[in-house]
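# Remarks on the overall topology
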Amino acid sequence: MNTDSLKHQLLIAMPQLEDPNFHHSVTYLIEHNDEGAMGLTINRGVEATLHDVLEDLEIELEKPLSSRHTVVVGGPVQPAAGFILHPPTATTYDSTVAIADDLWLTTSQDILEAIAAGEGPETSLLALGYAGWGPGQLEEEMAQNAWLSAPVSNTDIFFEVPLADRWHVAASRLGVDLNLISTGVGHS
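Residues numbered from 1 in each chain as written. Predicted model: local features only at pLDDT ≥ 70, side-chain atom pairs only at ≥ 80, totals over all residues. Heavy atoms only, no water.

## Digging into the overall build of the chain
This is how the line gets drawn: Helix numbers and strand numbers start at the N terminus; a helix is a DSSP run of H or I with at least 4 residues, a strand a run of E with at least 2. In this setup the radius of gyration rests on C-alpha atoms only. A globule is expected at 2.2 Å times the number of residues raised to 0.38. For each residue, the accessible area found with a 1.4 Å probe, counting protein chains only, is set against the maximum for its type, and the residue is called buried under 20%, exposed over 50%, and partly exposed in between. Any two residues having at least one pair of non-hydrogen atoms within 4.5 Å are treated as being in contact.
The helix and strand inventory of the chain stands at five helices and nine strands. Taking 16 Å as the expected radius of gyration for a compact globule of 188 residues, we find that the chain reaches 17 Å, a close match to that expectation. Principal-axis analysis of the C-alpha atoms places the extent of the chain at approximately 65 × 35 × 30 Å. Classification of the 188 residues of the chain by burial places 43% in the buried group. In the chain, the proportion of contacts linking residues at least 24 apart, taken out of those at least 6 apart, comes to 66%.

Structure follows, in structure tokens:
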């Protein structure tokens, strides 16, 4: 196993990262190995709500949805694919993976049907699309100081922290104030 893996870490975009897909983003790495990396950006909101997604999938809403279900742009790859991060539940769904003791990932539609019926997780983050890196690509970006990495100490960053605050909150947990980092190149 690669001991340098960033799996189950947050990638925090440095202020100078100009790529519009990742500017000021926080991306949760689901996988990172010699073949590349895959993650879900967790702080780029969309206009669509979970209610809209359910409607598009023709899933009938049986109970009112709580406001604790968030929809985000997970990344530029396969934007029609859905990835749902949620706390562990008593029910396992057709395609669920425990990616940490306190965090599961489900990609099957049955979780959305359960949420619509009032039987699914009480809180979730639905990411549309994902971020992907080829072999060595993320390591190169890390060497160029495009990202900070931070361990996920608890799951509140996914479910409790407002989207607009996640970039600063993730960095502050490392003791970094992103407002104090210059985006320009200095010369002495």
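## Some details on a negative patch on the surface
The cut-off we apply is this: Exposure above 30% relative accessible area and no salt bridge define the residues that can form patches, which grow by joining like charges within 9 Å and nonpolar side chains of Val, Leu, Ile, Met, Phe, Trp and Tyr within 5 Å. For the area figures, the Shrake-Rupley method with a 1.4 Å probe applies, and any residue is considered shielded solely by the protein chains shown. Salt-bridge detection follows one rule: a side-chain nitrogen of Lys or Arg within 4 Å of a carboxyl oxygen of Asp or Glu. A residue counts as positive if it is Lys or Arg and as negative if it is Asp or Glu; His and the chain ends are not included. Charge coordinates come from a single atom per side chain, which is NZ of Lys, CZ of Arg, CG of Asp or CD of Glu.
Taken together, Asp 4, Asp 34, Glu 35 and Glu 139 make up a surface patch of like negative charges. Of note, Asp 34 is situated in the loop between strand S2 (26-33) and strand S3 (36-41).

## A closer look at the pairing of strand S8 (residues 124-133)
The criterion, for reference: By the convention used here, strands pair only if DSSP detects at least 2 bridges between them.
For S8, the tally of buried residues reaches eight of 10 residues, placing the bulk of the element in the interior. One ladder, built from three bridges, connects S3 with S8; its direction is antiparallel. Looking at S8, one finds that Met 38 is bridged to Gly 132. Here five bridges tie strand S4 (residues 69-73) to S8, and the two strands are oriented parallel to one another. Within S8, the position partnered with Val 73 by the bridge is Leu 128.

## Observations concerning the nonpolar core
Side chains of nonpolar character tend, in soluble globular proteins, to be buried together. Quick note on the threshold: For our purposes a nonpolar core is just a set of buried Ala, Val, Leu, Ile, Met, Phe, Trp, Tyr and Cys residues, chained together by side-chain atoms within 4.5 Å.
Counting 40 residues, the largest nonpolar core has Leu 10, Tyr 28, Leu 85, Trp 147 and Phe 158 as the members making the most contacts within it. With five residues, the top contributor of residues to this core is S8. Look past the residues within four positions of Leu 10 in its chain and what remains in contact with it is Val 26, Thr 27, Tyr 28, Ile 42, Leu 148, Ser 149, Ala 150, Val 152, Ile 157, Phe 158 and Ala 170. One finds Val 53, Ile 59, Ile 84 and Ile 111 within the second-largest nonpolar core, a separate group that totals 13 residues.

## Topic: the pattern of salt bridges
Summed over all chains, the structure comprises three salt bridges. Of the charged contacts in the structure, one is a salt bridge between Glu 31 and Lys 7, with a shortest N-O distance of 3.7 Å. Of this pair, Glu 31 sits in strand S2 while Lys 7 is found in the segment before strand S1 (9-13), placing the two residues 24 residues apart along the sequence. Overall, Glu 31 belongs to the partly exposed group, its relative accessible area being 30%. Its relative accessible area of 39% is what places Lys 7 among the partly exposed residues. For Arg 68, the salt bridge is made with Glu 160, and the minimal N-O distance between the two is 2.4 Å. Taken together, the positions of Arg 68 in the loop between helix H1 (50-56) and S4 and Glu 160 in the loop between helix H4 (156-159) and helix H5 (166-172) put the pair 92 residues apart, joining distant regions of the chain.

## Regarding the environment of Asn 145
By the secondary structure assignment, Asn 145 is in the loop between helix H3 (137-143) and strand S9 (147-151). Note on Asn 145: relative accessible area 49%, which makes it partly exposed. Along the backbone, Asn 145 and His 32 are 113 residues apart, and their C-alpha atoms lie at a distance of 18 Å. Residues contacting Asn 145, with those up to four places away along its chain left out, are Met 14 and Gln 16.

Distances and angles like these do not, on their own, reveal function.
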